[in-house]
Amino acid sequence: MTEKVAICLVGPKKGGKSSLLASLTDCVAQSAFGYSPRLRPSLQAISQAEFAAEPADLKRADLFSIDEGDYERLKHDFAEGGVATDTLNTYEYYFRLSVNGEAPPEVVTRGPWLLEVVDSAGEIAVPPDGGAVAILNDVKAKLARQLLESEALVIVLPLVRLEDSAWTGALSRLIDRMALTKGRKLKRVVVVFSQYERLFTRLGPSAFTYACDPAIALHVLRKSLRAAPWLDRLRALEQPGGGVSVRYTVCSAYGFTKRFQNPNMDPHQPGERRFRRAGIEGHRAYSEYWRPFLTAEPILYAALGLDSAFTFSHAQLDARTEEKSAFSILA
Ligand SMILES: Nc1nc2c(ncn2[C@@H]2O[C@H](COP(=O)(O)OP(=O)(O)OP(=O)(O)O)[C@@H](O)[C@H]2O)c(=O)[nH]1
Ligand SMILES: [Mg+2]
């Protein structure tokens with residue numbers, strides 16, 4: 001049965017929301033994610049009309065005249081300049097998600113899913129503290145409505161020292177408001193740290209090997225979240241009665257291509273090494289992860305509640321494990 005899921009992307013300005021969205025379908029198509037390659041998800045942009053229509057209303061011809069133009073434009077702008085949008089409004093994008101391979105039974109027996117993903121401007125939901133930017137009241141009201149209607153919230157944060165950030169107060173207030181709102185539909189929250197590839201720029205040819213290790217991502221998340229004052233508020237959302245599951249992950253919309261002056265690798269250039277993630281079998285594992293990197297995770301978790309090797313719960317963040325000596329490189 002077709003299910004509809006509404007997902008809101010929020011986060012500070014220039015956090016990477018629009019870029020994450022722009023690289024999303026490529027990431028899924030290239031299996032550049034931490035799910036098993038056997039999951040075989042597929043994700044296509046669709047028109048709002050198709051999202052709104054019941055399946056029976058869709059004529060066959062509609063399948064060939066899909067107007068997913070807005071999403072194509074977003075992708076194009078991102079590919080051209082590396083910058084997706086810079087706006088003071090919210091934009092809705094629509095997708096059809098299906099899972100074609102091996103997945104837990106509760107996932108495959110449902111679906112396909114029609115997703116509405118709302119891309120908000122950072123100035124609306126998470127403005128810098130003390131920074132007054134004129135946002136029209138009806139834009140604020142629209143986002144408030146969209147937040148209330150959403151099953152999932154994806155909070156996109158740039159991977160920087162959080163205590164220095166001007167928007168932490170605003171983010172705390174947003175989480176508080178979501179927690180207190182009656183009648184909300186919220187079931188899942190994903191916090192994703194963007195621009196992950198920047199951590200690895202000085203690691204030379206090993207960069208990608210480190211980036212592909214989920215234990216490194218977990219370590220980076222633990223370090224980044226240590227100083228986050230809003231973390232306890234997200235934990236509280238997950239308490240019995242809160243009814244929300246929370247995950248943390250990392251991503252890079254740029255991934256590991258030379259094109260954006262990023263670390264050292266483009267598997268399509270002669271002489272470049274190919275990379276693979278240890279423990280993932282099969283030919284599809286080769287050339288994984290080069291561009292973009294893990295931007296599928298937040299949206300697939302938001303839609304399906306399905307964990308990948310790179311989505312981490314509070315319990316995983318809290319578990320004390322032996323930290324490999326390799327981590328000192330990133331300290
Ligand atoms: N290094 C790096 N930079 C990125 C990546 N993704 C986005 N950026 C840059 O980060 C900046 C912000 O990206 P956007 O996607 O526009 O951010 P946003 O959250 O949509 O911002 P607003 O719409 O203004 O709220 C842009 O200059 C991008 O080029 C990435 O994966 N790596
Ligand atoms: Mg944007």
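Here we summarise the structure given alongside this text.

Conventions and cut-offs
- Residues numbered from 1 in each chain as written.
- Chains lettered and ligands numbered in written order.
- Predicted model: local features only at pLDDT ≥ 70, side-chain atom pairs only at ≥ 80, totals over all residues.
- Heavy atoms only, no water.
- Helix = DSSP H or I, 4+ residues; strand = E, 2+ residues; numbered from the N terminus.
- Buried < 20%, exposed > 50% of the residue type's maximum accessible area, 1.4 Å probe, protein only.
- Contact = heavy atoms within 4.5 Å.
- Salt bridge = Lys/Arg side-chain N within 4 Å of Asp/Glu carboxyl O.
- Pairing = 2+ DSSP bridges.
- Axes fitted to C-alpha atoms, helices over the stretch in contact; angles between N-to-C directions.
- Core = buried A, V, L, I, M, F, W, Y, C linked by side-chain atoms within 4.5 Å.
- Disulfide = S-S within 2.5 Å.
- Expected span 1.5 Å × (residues − 1).

Within the protein, the regular secondary structure consists of 13 helices and 7 strands. Within the protein, buried positions represent 53% of all 331 residues. Nonlocal contacts in the protein, meaning residues at least 24 apart in sequence, comprise 80% of its contacts between residues at least 6 apart.

What follows covers the pattern of salt bridges. Here the structure, examined in full by the defined rule, presents 10 salt bridges. Its salt-bridge partner being Asp70, residue Arg73 comes within 3.0 Å of it at the nearest N-O pair. With a gap of 3 residues between them, Arg73 and Asp70 both fall in helix α4 (residues 69-81), about one helical turn apart. Using a relative accessible area of 46% as the deciding quantity, one classes Asp70 as partly exposed. For Asp232, the salt bridge goes to Arg235, with nearest N and O atoms at 3.9 Å. Of this pair, Asp232 and Arg235 both sit in helix α11 (residues 231-237), separated by 3 residues, roughly a single helical turn. For Asp232, a relative accessible area of 55% gives the class exposed. Its relative accessible area of 24% is what places Arg235 among the partly exposed residues. One network of salt bridges, in which partners are shared, links Asp232, Arg235 and Asp318.

Right, let's get into the pairing of strand β6 (residues 188-194). Both faces of the sheet carry side chains from a regular strand, because those side chains alternate between them. Of all 7 residues in β6, 7 are buried, a share of seventy percent or more. Strand direction decides the pairing type here: β6 and strand β7 (residues 245-250), joined by 6 bridges, are parallel. Considered in β7, the bridge of Val192 is made with Thr249.

Moving on: the pairing of strand β5 (residues 152-158). For β5, a buried count of 7 out of 7 residues is recorded, marking the element as mostly surrounded by other parts of the structure. Judged by which residues are buried, β5 turns out to be covered on both faces: Ala152, Val154, Val156 and Pro158 on one side and Leu153, Ile155 and Leu157 on the other are all buried. Relative to β5, strand β1 (residues 3-10) runs parallel, the two being bridged by 4 bridges. In the sheet register, Val10 faces β5, and the bridge partner there is Ile155. Bridge count for β5 against β6 is 7 bridges, and the pairing is parallel.

For Glu116, the position within the fold is in strand β4 (residues 113-119). Apart from residues no more than four positions distant in its own chain, Glu116 is found in contact with Val5, Ala6, Ile7, Phe51, Glu92, Tyr93 and Tyr94.

What follows is about the sheet that holds β4. In space, the 7 strands of this open sheet follow the order β2-β3-β4-β1-β5-β6-β7, with mixed pairing throughout. Among the strands making up the open sheet, the edge pair consists of β2 (41-46) and β7. Recorded for the sheet is a direction-independent mean angle of 25° between the axes of neighbouring strands. Those strands touched by helix α10 (residues 214-225) are β6 and β7, and its axis lies near 110° from that of β7. Helix-sheet contacts for helix α12 (residues 296-304) involve β1, β2, β3 (91-99), β4, β5, β6 and β7, and the interaxial angle to β6 is about 180°.

What follows covers the environment of Gly305. Mapped onto the elements, Gly305 comes out in the loop between α12 and α13 (314-318). Separated by 198 residues in the primary sequence, Gly305 and Val107 place their C-alpha atoms 9.0 Å from one another.

Summarising burial for α12: 9 of the 9 residues are buried, a large majority. Those residues of α12 that fall on the buried side of the exposure criterion are Ala296, Glu297, Pro298, Ile299, Leu300, Tyr301, Ala302, Ala303 and Leu304. Remark: Gly305 follows α12 within two positions and exhibits a positive phi of approximately 70°.

Here we come to the nonpolar core. Judged by nonpolar contacts, the single largest core of 94 residues is most densely connected at Ile7, Phe95, Leu115 and Trp230. For this core, the element with the most residues is α12, which contributes 7 residues. Beyond its immediate stretch of four places on either side in the chain, Ile7 contacts Leu115, Glu116, Val117, Val118, Ser150, Ala152, Val154, Ile299, Ala302 and Ala303.

Turning our eyes to something else, we now look at the state of the cysteines. Applying the stated criterion to the full structure yields 0 disulfides. Of all cysteine sulfurs, the one in Cys251 lies closest to Cys27, which takes part in no disulfide; the gap is 8.4 Å. Given the relative accessible area of 0%, Cys27 is considered buried.

Taking 1.5 Å per residue, 13 residues should reach 18 Å; helix α7 (residues 137-149) reaches 18 Å between its end C-alpha atoms and fits that length. Of the surrounding secondary structure, the elements contacted by the buried residues of α7 are β1, β3, β4, α6 (122-125), β5 and α8 (168-180).

Purely spatial values, then, with no claim about function.
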